[in-house]
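# Survey of secondary and tertiary structure
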Amino acid sequence: MGERWMVAKFGGNCVSFADMYDRIATIVGADPSRKVLVVSAIAGVTDSLITTLAKPRDEKEIDQYIAGLRGNHLSLLPKSRDGHDAAVEAIEALVTKLERLLYGVMYTEEITPRT
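Residues numbered from 1 in each chain as written. Predicted model: local features only at pLDDT ≥ 70, side-chain atom pairs only at ≥ 80, totals over all residues. Heavy atoms only, no water.

## Section: helix α3 (residues 59-74)
Inclusion rule: Under the DSSP-based scheme used, a helix requires at least four consecutive residues in state H or I and a strand at least two consecutive residues in state E, with every element numbered from the N terminus. What a helix is expected to span follows from its residue count: subtract one and scale by 1.5 Å. Relative accessible area decides the class of each residue, using a 1.4 Å probe on protein chains only: under 20% of the type maximum gives buried, over 50% gives exposed, and in between gives partly exposed. Directions drawn from the helix axis to the C-beta atoms are what define this arc. Contact definition: two residues touch when any of their heavy atoms are within 4.5 Å. Two N or O atoms form a polar contact when they lie within 3.5 Å of each other; inside protein one atom must be a possible hydrogen donor and the other a possible acceptor, and for residues adjacent in sequence the pair counts only when both atoms belong to side chains.
Compared with an ideal rise of 1.5 Å per residue, which puts 16 residues at 22 Å, α3 spans 22 Å between its outermost C-alpha atoms and is within 8% of the ideal. When we look at burial in α3, the residues that qualify are Ile62, Tyr65, Ile66 and Leu69. Here the buried residues of α3 occupy an arc of 95° about the axis, which is enough to place them on one side. Facing away from the buried side of α3, by more than 90 degrees, are the exposed residues Lys60 and Gln64. Residues of α3 that are buried make contact with α2 (45-54) and α4 (84-108). Where α3 begins, the capping side chain belongs to Asp58, and its oxygen is found 3.2 Å from the backbone nitrogen of Lys60.

What follows is the structure, encoded as structure tokens:
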């Protein structure tokens, strides 16, 4: 037979609270077989992105939105785990990319399907 794969998908409320990550780690660690792990956005983020892009914003609104999004994601990181600094860097890089995208949409006053 072929290799056995365990697929786990977590998103929404499952990844919206810091204490949930220990539970996720327990679930994923319970099966030593190869795994595919899919993690989607924390609760509300996808809808907030759609809402933010749906109408023109000014710089102040973008700055507030980005600060909130950054804070929400950074608050989920445990302070004492290996990889904390790398996770902070990854979040910062992605949030900066989103911020630049939102400013681009604001300045050009257009959004494409690709955006």
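This is not the end of the story, as more comes after the structure.
## A closer look at the environment of Val28
Here Val28 is to be found in helix α1 (residues 20-29). In the structure, Val28 is positioned 21 residues away from Val7 in sequence and 9.1 Å away in space, judged by C-alpha atoms. Excluding residues within four positions of it along the chain, Val28 makes contact with Met6, Phe10, Lys35 and Leu37.

## Side note on the pattern of salt bridges
Where we set the bar: Salt bridge criterion: a side-chain nitrogen from Lys or Arg within 4 Å of a carboxyl oxygen from Asp or Glu.
Here the structure, examined in full by the defined rule, presents two salt bridges. The partner of Arg57 in a salt bridge is Glu61, and the shortest N-O contact between them spans 3.5 Å. With relative accessibility at 32%, the residue Glu61 sits in the partly exposed group. A salt bridge links Arg70 to Glu92, with the shortest nitrogen-to-oxygen separation between them at 2.8 Å. Within this pair, whereas Arg70 is found in helix α3, its partner Glu92 is found in helix α4, the two being separated by 22 residues in sequence. Overall, Arg70 belongs to the partly exposed group, its relative accessible area being 22%. Taking the relative accessible area as the measure of exposure, Glu92 reaches 27% and is therefore partly exposed.

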